[in-house]
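Remarks on the overall topology
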Amino acid sequence: MDAWASADQSNNYNVYMGLWTDWPRGRILGSTLTITKSNGALVIAFAAFFATIVAARFWRMLCVVIHHVYSRFGSEHRDVLYHQRQAILRNSPAAISGLWSFVQVCYTHRYSTRQLFISISPIVVVALLSISAFTALTYFLPQITTSGTDEVLLIGDHCGQIYPLGAALQDYNKSIVTLDPYLTSVLSNAENYASQCYTGSSQTLQCSTFIEQRIPTITNNAAECPFHPSICRLESSNIKLDTGLLSFSKHFGVNNPATEDVSTRQVVHCAPLTTEGYTSSHQLIGSNVTRYHYGSYHDSTRPKHPFLEATAQFVNVKDQIPVLSDWGRYNIPTGDYKLLVFASLVEDGALTNGSEFRPIPYLHRDDADLMLVFLLGAGVLYTEPSPDPWYRATTHLEHSSIEGANSAVPVYIFDEAASPLGCALQYQLCITRPSKELICGNLASFNDAESSFIANAVANATNGNTKLQWHLNTYLKSAFLWDVVNKLGALSLTAHKTLSEGGQRPIPNNQWQLDVAHWWATRLAALQATFVNTAIGPPDSFHIPREFIDGPTDSNEKVACNSQKIRSAAYTSFNMLGLSLFFGIGTLIVTASLLLEPLLAFLHKCWGYQQHAYLEWVSQETLQLQRLAHEELGFGTWSGATDAIPTTKLGEKLADLDLSDPEHPKLRRAVPDSGDGTTAAESARAKGGVVLASTREISRTPSNNELGSEAEADDDVMSHASTATLPASESTEPGIMARASSTATGERRPG
């Protein structure tokens, strides 16, 4: 397993499951819970379900408050809007159902505009706000509860740093055999990653492993010459790439607190070099060669005189064409580009032992390392001349052509045996101290940047010094820009992608700038991979000897090994602060809503607090409204009139619907049978008695006029009853007398 595994294989990483701290966000904001994707989906689903419960209980609490605020007590009767509003507030289980009920009320009473606005409109607005708020909460729930990214923490059980240069110093031949394939593989994968993920806005699976898909770079395609102006082919069309300060935490996924964060800056400044005055021609056995004089080449096989006069020599351009099969006037090209790289390293203004050549003064810089790249056409044939200042293929190859669609196409070759490109490379390292002060080393060559950083920043570090040194070494042991060009060769050139069988399709005039930018992207991608590969350790497939791998030696370095983050779609990371606030506040709302009504009941019972508002709230509950309707008609012996569930005596029957008018259903009183097939009224008449008010059907509250007429009718009945002769057993029945008395006074009481 290595850093280039695509996202669909990221579950093969050894990922830490459980609570951990994402230190760049702080101890509180960075508290994170990582679980599997399936378990994460369950948590999010439960959170959404819990949100609906909270929304319902929040609406219930609003209804209690609004109902009590609108409750009015007085001698005057309230209109239908008042009672319907209060009943809806009391019985709507959710904001959406309450809103719909109020919309229906508004439509029904649409002609009472002013009254509607005063009575209903504020509640409609509150309902809409409640619905909108909880809808937004549900939509943003994943962003609130999750960490906002798919970042996970790796377990560094097999953590180890590979140092190719150190291995070469121990055993050069062994390092070549074991480490070169590994380094070439890393750089090849980095080049592929840069091609896909550093251009455009690619969202492929291969671009979703590192914390940052691409490392930002400021590009200047109109830069001045990085060396003495006379040695550059261009005055102001050179390229300069500057990353700015890159945070180990933000850009490379190192899980360090902000007060321990290390930052790096890298700058590369390149320009095609002029060859006039820096070449010489020589005749060797069998061929002519061109020597390039940009410095003395260091030949380690000659200890007494290690530096040669020239930097490099190459056979002339025509002699580089390996095969030129002549089929009449057609040629079959088989050439391919070749690159030769030289590096010159500076420390304290002088060259280090690792330098491959000693540059001339016009190329040397005390504050930067130097990379010199020679590009050879090596038989590549161009279908069109290329004025690119590095490729420079404008020489027509006589008596040669490539077969086209309708005719032979003339071909062009490099103007010279090789084309040189010089690059100045600078580095800078900074550290953020606990006081949040940024302390930086110099922007200089690699060795000088490291030494000034250690002297200015690391020397003053107190605790965590070895942890800091571990991350710093991971960075320092990564591949250099010249490694990219040297290991990948022609494959590092973007022009190579349009090369077919030695024939080069037309390239833009700034092709060399595209190549340098691609080298840079590959180098940055390799740096991203270095941090991840260090945490997971080198793959077993390369069989790298343990002596070439530096493992952690103390507790701080082990902590550093377990401080690498990646992105993975196979897991879900929750932000514990967001998750805790969501469930905490939701639980408080639910608890408050459940305690509010018992609290009001307690206050009313003990001190009579808001008696009318409380009793109106209780009485307008669905079951209590049912009790009021049936009790008013005289059905049932009720108890629990202020409880949640009122009830009657066991076995008592209640009124049913009168469906004589389907457009106006109402409750009616059933007339019981006397047991012999006759109604109670008929039995009374058969006995010579009277039909009392108890046998009359009362299905609604009478109006004042009806009450007057009914009172007169009752007087007639009582007048008749006073002259009628009743059986003694019936004339002394207390219930009959009581009902007759109440009827005579005009009071309507059910039997």
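Look up a bit, the structure's there.
None of these values were measured; they are calculated from a predicted model.

Criteria and cut-off values
Residues numbered from 1 in each chain as written. Predicted model: local features only at pLDDT ≥ 70, side-chain atom pairs only at ≥ 80, totals over all residues. Heavy atoms only, no water. Buried < 20%, exposed > 50% of the residue type's maximum accessible area, 1.4 Å probe, protein only. Helix = DSSP H or I, 4+ residues; strand = E, 2+ residues; numbered from the N terminus. Pairing = 2+ DSSP bridges. Axes fitted to C-alpha atoms, helices over the stretch in contact; angles between N-to-C directions. Parallel < 35°, antiparallel > 145°, perpendicular 65-115°, else oblique. Left-handed = near helix turned anticlockwise from the far one by under 90°. Contact = heavy atoms within 4.5 Å. Nonpolar A, V, L, I, M, F, W, Y, C, P; charged D, E, K, R; others polar. Disulfide = S-S within 2.5 Å. Salt bridge = Lys/Arg side-chain N within 4 Å of Asp/Glu carboxyl O. Patch = residues over 30% accessible without salt bridge, like charges linked within 9 Å, V, L, I, M, F, W, Y side chains within 5 Å. Areas by Shrake-Rupley, 256 points an atom, 1.4 Å probe, with all protein chains shown as cover. Phe/Tyr/Trp six-rings, centres within 6.5 Å; stacked < 30°, edge-to-face > 60°. Lys NZ or Arg CZ within 6 Å of the ring centre and 35° of its normal. Core = buried A, V, L, I, M, F, W, Y, C linked by side-chain atoms within 4.5 Å. Expected span 1.5 Å × (residues − 1). 1 Å grid on protein atoms, 1.4 Å probe; cavity = no way out; pocket = protein on both sides within 12 Å on 5 of 7 lines; lining within 4 Å. Points joined across faces, edges and corners; volume = space filled by probe spheres on them. Arc of directions from axis to C-beta.

Looking at the pairing of strand β6 (residues 238-242)
Taken across its five residues, β6 has four buried, putting it largely inside the fold. Relative to β6, strand β5 (residues 218-223) is paired through four bridges, and the arrangement is antiparallel. Of the residues in β6, the one forming a bridge with A223 is N238. Summarising the sheet, β6 and strand β8 (residues 262-272) pair through four bridges and their orientation is antiparallel. From the neighbouring strand, L241 faces β8, where its bridge partner is V268.

Some points on the pairing of strand β29 (residues 571-575)
Along β29, five of the five residues are buried, which leaves the element largely enclosed by surrounding structure. What you see with β29 is no split at all: Y571, S573 and N575 on one side and T572 and F574 on the other are buried throughout.

Observations regarding the packing of helix α2 (residues 80-91) against helix α3 (residues 95-108)
As a packed pair, α2 and α3 sit with axes 10 Å apart at the nearest point and diverge in direction by 165°. Regarding the angle of α2 to α3, the classification is roughly antiparallel. The element α2 and its partner α3 pack so that their crossing is right-handed. Touching L81, Q84, R85, I88 and L89 of α2 are G98, S101, F102 and V105, all from α3. Classifying every residue of the contact of α2 with α3 by side-chain character gives five nonpolar, three polar and one charged.

Considerations on the state of the cysteines
In total, this model carries five disulfides according to the counting rule given. The disulfide partner of C159 is C561, and the S-S distance across this bridge is 2.2 Å. A torsion of -70° about the S-S bond marks the disulfide between C159 and C561 as left-handed. On the criterion of sequence distance, the pair formed by C159 in the loop between β3 (151-153) and β4 (161-162) and C561 in helix α14 (residues 555-561) is long-range, its members being 402 residues apart. Note on cysteine connectivity: C225 is disulfide-linked to C232, with sulfurs 1.8 Å apart. Because the sign of the S-S torsion sets the handedness, a value of about 60° for the bond joining C225 and C232 places this disulfide among the right-handed ones.

Observations concerning the pattern of salt bridges
Enumeration according to the criterion identifies 14 salt bridges in this entry. Across the pair K477 and D550 runs a salt bridge, and its minimum N-O distance is 2.7 Å. One end of the pair, K477, is in the loop between α11 (465-476) and α12 (481-488); the other, D550, is in strand β27 (residues 549-550), and 73 residues separate them in sequence. A relative accessible area of 32% places D550 in the partly exposed class.

Notes on the sheet that holds strand β1 (residues 18-21)
Taken together, three strands build an open sheet; the order of strands is β1-β2-β29 and the sheet is antiparallel. Each end of this open sheet is capped by a strand with a single partner; those strands are β1 and β29. Strand-to-strand twist across the sheet, computed as the mean angle between neighbouring axes with direction ignored, equals 30°. Bridge analysis of strand β2 (residues 31-36) against β29 gives five bridges, and the strand direction is antiparallel. Bridge assignment links T34 to a residue of β29, and that residue is S573.

Thoughts on the sheet that holds strand β10 (residues 287-292)
On the basis of which strands lie adjacent, the open sheet formed by three strands has the order β9-β10-β12 and antiparallel pairing. Single-partner strands in this sheet number two, and they are β9 (279-284) and β12 (312-315). This sheet shows a mean twist of 30° between the axes of neighbouring strands, independent of strand direction. Examined bridge by bridge, β10 and β12 share four bridges and lie antiparallel to one another. Among the inter-strand pairings, R291 is bridged to a residue of β12, identified as Q313.

Quick notes on a nonpolar patch on the surface
The grouping of F46, F49 and I53 at the surface amounts to a nonpolar patch, some 290 Å² of accessible area in total. The residue F46 is located in helix α1 (residues 37-70) in this model.

Quick look at the packing of aromatic side chains
Enumeration over the complete set of coordinates arrives at 31 aromatic pairs. Residues F58 and F134 carry aromatic rings whose centres are separated by 5.6 Å and whose planes lie at 55° to one another, so their mutual orientation is tilted. With a gap of 76 residues between them, F58 in helix α1 and F134 in helix α5 (residues 121-139) connect regions that are remote in the sequence. F58 sits in the partly exposed class, given a relative accessible area of 26%. On the basis of relative accessibility, which here comes to 15%, the residue F134 falls in the buried class. A centroid spacing of 5.3 Å and a plane angle of 15° characterise the contact between Y278 and Y294, whose relative ring orientation is stacked. Note that Y278 is positioned in the loop between β8 and β9 and Y294 in the loop between β10 and β11 (295-297), a separation of 16 residues in sequence. Note on Y278: relative accessible area 14%, which makes it buried. Just above the ring of Y107 sits the side chain of R110; from NZ or CZ to the centre is 4.2 Å.

So, the environment of G502
Among the structural elements, G502 can be located in the loop between β25 (499-500) and β26 (503-504). Taking relative accessible area as the criterion, G502 reaches 3% and is therefore assigned buried. Between the C-alpha atoms of G502 and D336, which are 166 residues apart in sequence, the distance is 5.7 Å.

Points about the nonpolar core
Formed by 87 residues in total, the largest nonpolar core has its most connected members in Y337, M371, Y382, W390, Y391 and W519. For this core, the element with the highest residue contribution is helix α13 (residues 511-536), accounting for 14 residues. Of all hydrophobic cores here, the second largest spans 33 residues; its members include F50, A55, V124 and L596.

So, α11
An ideal rise of 1.5 Å per residue puts 16 Å on twelve residues; α11 measures up with 16 Å between its terminal C-alpha atoms. Among all positions of α11, only K467, L468, W470, H471, L472, T474, Y475 and L476 are buried.

Considerations on the packing of α1 against α2
It is at 8 Å that the axes of α1 and α2 come closest, and there the two elements cross at 155°. It follows from the interaxial angle that α1 and α2 lie roughly antiparallel. Considering how the two elements wind past one another, α1 and α2 form a crossing that is left-handed. When α1 is examined against α2, the residues R60, C63, I66, H67 and Y70 are found in contact with a partner set consisting of Y82, R85, Q86, L89 and R90. Along the lines of polarity and charge, the residues of the contact of α1 with α2 split into five nonpolar, two polar and three charged.

Brief notes about empty space enclosed by the protein
Going through the model one piece at a time under the given rule, you end up with seven cavities of 30 Å³ or more. Roughly 80 Å³ of volume is contained in the second largest cavity. Of all elements in the fold, only α11, α13 and α14 reach the threshold of two or more residues within the lining of the second largest cavity. For the lining of the second largest cavity, the class distribution of residues is seven nonpolar, five polar and no charged.

Brief notes about α3
End to end, α3 covers 20 Å across 14 residues, agreeing with the expected 20 Å (1.5 Å per residue, within 8%). The complete set of buried residues in α3 reads A95, G98, L99, F102 and V105. Down the axis of α3, the buried set is contained in an arc of 120°. They therefore lie on one face. Seen from the open side of α3, the exposed residues pointing more than 90 degrees away from its buried face are I96, W100, Y107 and T108.

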